[in-house]
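Geometric and topological summary
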Amino acid sequence: MHKIVFMGAPGSGKTTCIRALSEIDPVSTDVPCTDELRDLKETTTVALDYGELQLDDGESRVLLYGLPGQERFSYMFDVVRTGLLGAIVLVDATSQDAVQELSRTLACHRADLRRMPFIVALNKSEEAADAIAERCRDAVRAHDLMAPVMAVDARRREDIAHLIELLLVILEFGFGFDQPGDPARAEGNA
């Protein structure tokens, strides 16, 4: 079994990704918004979303977790951290604060993202995808991280499956993130 987490600001598409990809009925903890988020969307995740995907080998499953986007729920990462292969950080490319929202997510989870592969996925990015992608790459570099930035449609199973495949390739080759116990990286961070 493998575990992958979807993270990002509220409304970025985490729940939608899991619904598009899961081969079981996804578990969702969405509740009606009662704070400033109600201006953006009707419901929000307050614990986590969960789904499963069977890999092509027929024996391996990927457990899919979607974290709440509000920083006050950042402790939910601790629930899924053990055994996590990687992360997909979603960005609502239509949001006026898209890059700032990405930056907040990266800052909140920076230590964990340094230890695993992750991908920044620009959702809802039909227009001006290149401009927002470059600004997101700059944000990733500003946090001393490295990740590919790709445009996706969170509703399309093929798009999200492609992200999972890319994450597994990055994991296989192990480039761009700290390996636990890697002395060369530990010295550089001291």
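This report concerns the structure included in the present document.

Conventions and cut-offs
Residues numbered from 1 in each chain as written. Predicted model: local features only at pLDDT ≥ 70, side-chain atom pairs only at ≥ 80, totals over all residues. Heavy atoms only, no water. Helix = DSSP H or I, 4+ residues; strand = E, 2+ residues; numbered from the N terminus. Buried < 20%, exposed > 50% of the residue type's maximum accessible area, 1.4 Å probe, protein only. Contact = heavy atoms within 4.5 Å. Salt bridge = Lys/Arg side-chain N within 4 Å of Asp/Glu carboxyl O. Axes fitted to C-alpha atoms, helices over the stretch in contact; angles between N-to-C directions. Parallel < 35°, antiparallel > 145°, perpendicular 65-115°, else oblique. Nonpolar A, V, L, I, M, F, W, Y, C, P; charged D, E, K, R; others polar. Left-handed = near helix turned anticlockwise from the far one by under 90°. Expected span 1.5 Å × (residues − 1). Arc of directions from axis to C-beta. Pairing = 2+ DSSP bridges.

Some details on the overall build of the protein
- Scanning the protein from N- to C-terminus turns up 6 helices and 8 strands.
- Along the protein, helices and strands appear, N-terminal first, in the series β-α-β-β-β-β-α-β-α-β-α-β-α-α.
- Per-residue burial over the protein gives 49% buried out of 190 residues.
- Across the protein, the fraction of contacts at a sequence separation of at least 24, relative to all contacts at a separation of at least 6, is 68%.

Regarding the pattern of salt bridges
- By the definition in use, this model includes 13 salt bridges.
- In this structure, Asp 112 and Arg 81 form a salt bridge, with 2.8 Å as the shortest nitrogen-oxygen distance. One end of the pair, Asp 112, is in helix 3 (residues 98–113); the other, Arg 81, is in the loop between helix 2 (76–80) and strand 6 (84–92), with 31 residues separating them in the sequence.
- In this structure Asp 112 comes out as buried when scored by relative accessible area, which is 13%.
- Here Arg 81 falls in the partly exposed class, since its relative accessible area comes to 34%.
- Connected through shared salt-bridge partners, Glu 134, Arg 137, Asp 138 and Arg 141 make up one network.

Quick word on helix 1 (residues 14–21)
- The buried fraction of helix 1 is high, at 6 of 8 residues.
- Among all positions in helix 1, only Lys 14, Thr 15, Cys 17, Ile 18, Ala 20 and Leu 21 are buried.

Details of the packing of helix 1 against helix 5 (residues 157–173)
- Relative orientation of the contacting elements helix 1 and helix 5 amounts to 95 degrees, with a least axis distance of 9 Å. Classified by the angle their axes make, helix 1 and helix 5 are roughly perpendicular. Between helix 1, through Cys 17, Ala 20 and Leu 21, and helix 5, the contact on the second element is made entirely by Arg 157, Ile 160, Ala 161 and Ile 164.
- Partitioned by chemical class, the residues of the contact of helix 1 with helix 5 number 6 nonpolar, no polar and 1 charged.

Thoughts on the packing of helix 3 against helix 4 (residues 129–142)
- Direction vectors running N to C along helix 3 and helix 4 enclose 25 degrees, while the axes themselves pass 10 Å from each other. One way to sum up the angle between helix 3 and helix 4 is to call them roughly parallel. The element helix 3 and its partner helix 4 pack so that their crossing is right-handed. On the side of helix 3, the interface is formed by Ala 98, Val 99, Leu 102 and Leu 106, while helix 4 contributes Ile 132, Arg 135, Cys 136, Ala 139 and Val 140.
- Among the residues making up the contact of helix 3 with helix 4, the classes are represented as 8 nonpolar, no polar and 1 charged.

Notes on helix 5
- Relative to the 24 Å expected for 17 residues at 1.5 Å per residue, helix 5 spans 25 Å between its end C-alpha atoms, a close match to the ideal helical length.
- Considered for burial, the residues of helix 5 that qualify are Asp 159, Ile 160, Leu 163, Ile 164, Leu 167 and Ile 170. Along the axis of helix 5, the buried positions cluster into a sector of 145 degrees, meaning they face one direction only. For helix 5, the exposed residues set more than 90 degrees away from the buried face come down to Glu 158, Glu 172 and Phe 173.
- For helix 5, the elements touching its buried residues are strand 1 (2–8), helix 1, strand 5 (61–66), strand 6, strand 7 (118–123) and strand 8 (149–152).
- The positive-phi residue at the C-terminal boundary of helix 5 is Gly 174, with phi of around 60 degrees.

Side note on the sheet that holds strand 8
- Across the sheet, 6 strands lie side by side as 4-5-1-6-7-8; this open sheet has mixed pairing. Across the chains shown, the open sheet's two edge strands, defined by having one partner strand only, are strand 4 (49–54) and strand 8. Going from strand to strand, the sheet's axes swing by 25 degrees on average, the running direction of each strand aside.
- Across 6 bridges, strand 6 lies against strand 7 in parallel orientation. Bridge pairing links Ile 88 to Ile 119 in strand 7.
- Along the sheet, helix 5 contacts strand 1, strand 4, strand 5, strand 6, strand 7 and strand 8; its crossing angle with strand 6, the most-contacted strand, is approximately 135 degrees.

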